[in-house]
Amino acid sequence: MEAFARAPEELPDKQPMNKTWRMWKQQFVIFLKTAKLEEKSSEAKANLLLNTIGKLGIEAMQEFPDVDLDNYDAILQKLDEIFDPPKREIEERYKFFTRSKKNNESIEAYISDLEEKSKTCNFENLTSSLIRDMIVLNIKDENMRKLFFVKENLDLNNLALFYKQCEVQAEKIKEISKNSQPETSDNKIKHVCWRCGITHAIRNCPAFNITCEKCNEKGHFTQRCGNKIRTSNNPCHANLKKIINKTKTINIKSPLNVIKKK
């Protein structure tokens, strides 16, 4: 045996056990190669494996008395079944779809865990869109959810950033709602505002002082840019039109007119 060959420590009882077992097995295989023990008999390698794996592995093997403890490959196969059993698609997908975002959990950590769980779900090319949908499903704030509904081309690359932006905007909407006056028949709006994408009282748009990242103009959220529906049926603009028309009808007396009449 080469002097620098070092056997791994005993198999620890550390969760997730499948990852712990894979790591330990890889270390043991490397040990056999380094110590030039690969060509040893199956019985010799089996004994070395059982001697190295420790209490956890020995107790697991005792549950299967039919396994030949002198057969190295048979022992490895049984340990794989015990500590790293085959994944069942329906069970793995259940774990994915029931994974909720925890309180105070960062959006990055949540997305990372969903990505890890999706690896055993066989979603294939639907993986990114399903992770995105899980994010939306776990949004409890209605105003924030609406911002996601109107966002186009939302993928995993910009999902976390957009989520944080929506959190800030949702807080602004809440603040405005708290400070806004009670709605009357004059200030109710039954249509969705094109500037912010939600329904609110006139002159209480949360996007009023927001600068659009696309056109650099103030007065609408970036994701609403390009969707400006300015029709006579839009109460925001109907109200503005009334104000303009009212201004035009005001008869401003000019000094010149007074001179002419004289």
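Note that the structure is a prediction, hence the values are computed from the model and not measured. (Residues numbered from 1 in each chain as written. Predicted model: local features only at pLDDT ≥ 70, side-chain atom pairs only at ≥ 80, totals over all residues. Heavy atoms only, no water.)

This part takes up the packing of aromatic side chains. Evaluation of the coordinates by the stated rule reveals 10 aromatic pairs. Note on Trp-21 and Phe-83: the rings are 5.8 Å apart at their centroids and 40° apart in plane angle, and the pair reads as tilted. Taken together, the residues span a long stretch of sequence, with Trp-21 in helix α1 (residues 17-34) and Phe-83 in helix α4 (residues 72-83) at a distance of 62 residues. Judged on exposure class, the residue Trp-21 and its partner Phe-83 are both buried. Seen from their ring centres, Trp-24 and Phe-28 are 5.5 Å apart, and the 10° between their planes marks the pair as stacked. Note that Trp-24 and Phe-28 are positioned in helix α1 at a spacing of four residues, about one turn of the helix. (Phe/Tyr/Trp six-rings, centres within 6.5 Å; stacked < 30°, edge-to-face > 60°. Helix = DSSP H or I, 4+ residues; strand = E, 2+ residues; numbered from the N terminus. Buried < 20%, exposed > 50% of the residue type's maximum accessible area, 1.4 Å probe, protein only.)

Let us now look at the layout of surface pockets. Each pocket or cavity is described by its volume, and for the largest pocket that value is around 520 Å³. Residue lining of the largest pocket: 20 residues in total, with Pro-16, Asn-18, Lys-87, Glu-92 and Lys-95 positioned closest to the centre. Where the lining of the largest pocket is concerned, the elements lending two or more residues are α1, α5 (89-97) and α6 (107-118). If one sorts the elements of the lining of the largest pocket by residue count, α1 sits on top with four residues. (1 Å grid on protein atoms, 1.4 Å probe; cavity = no way out; pocket = protein on both sides within 12 Å on 5 of 7 lines; lining within 4 Å. Points joined across faces, edges and corners; volume = space filled by probe spheres on them.)

This brings us to the nonpolar core. Counting residues in each nonpolar core, the largest one holds 31 residues, and the members touching the most others are Phe-96, Ile-135 and Phe-148. Of all the secondary structure elements, the ones that give two or more residues to this core are α6, α7 (127-137), α8 (142-149) and α9 (156-179). Here this core takes seven residues from α9, the largest share from any one element. With residues near it in sequence (within four places) discarded, Phe-148 still touches Val-136, Ile-139, Leu-154, Leu-159, Phe-162, Tyr-163 and Cys-166. Of all hydrophobic cores here, the second largest spans 22 residues; its members include Phe-28, Ala-35, Ala-46 and Ile-75. (Core = buried A, V, L, I, M, F, W, Y, C linked by side-chain atoms within 4.5 Å. Contact = heavy atoms within 4.5 Å.)

A few words now on the environment of Asp-73. For Asp-73, the position within the fold is in helix α4. Overall, Asp-73 belongs to the exposed group, its relative accessible area being 55%. Considering only alpha carbons, one finds Asp-73 and Lys-45, 28 residues apart in sequence, at a separation of 9.2 Å.

Moving on, we come to helix α2 (residues 42-53). If you check α2, its first and last C-alpha atoms are 16 Å apart, about what 12 residues at 1.5 Å a residue would give, namely 16 Å. All of the buried residues in α2 are Lys-45, Ala-46, Leu-49, Leu-50, Thr-52 and Ile-53. Taken down its axis, α2 places every buried residue within 165° of arc, on the same side. The secondary structure elements touched by the buried residues of α2 are α1, α3 (55-62) and α4. (Expected span 1.5 Å × (residues − 1). Arc of directions from axis to C-beta.)

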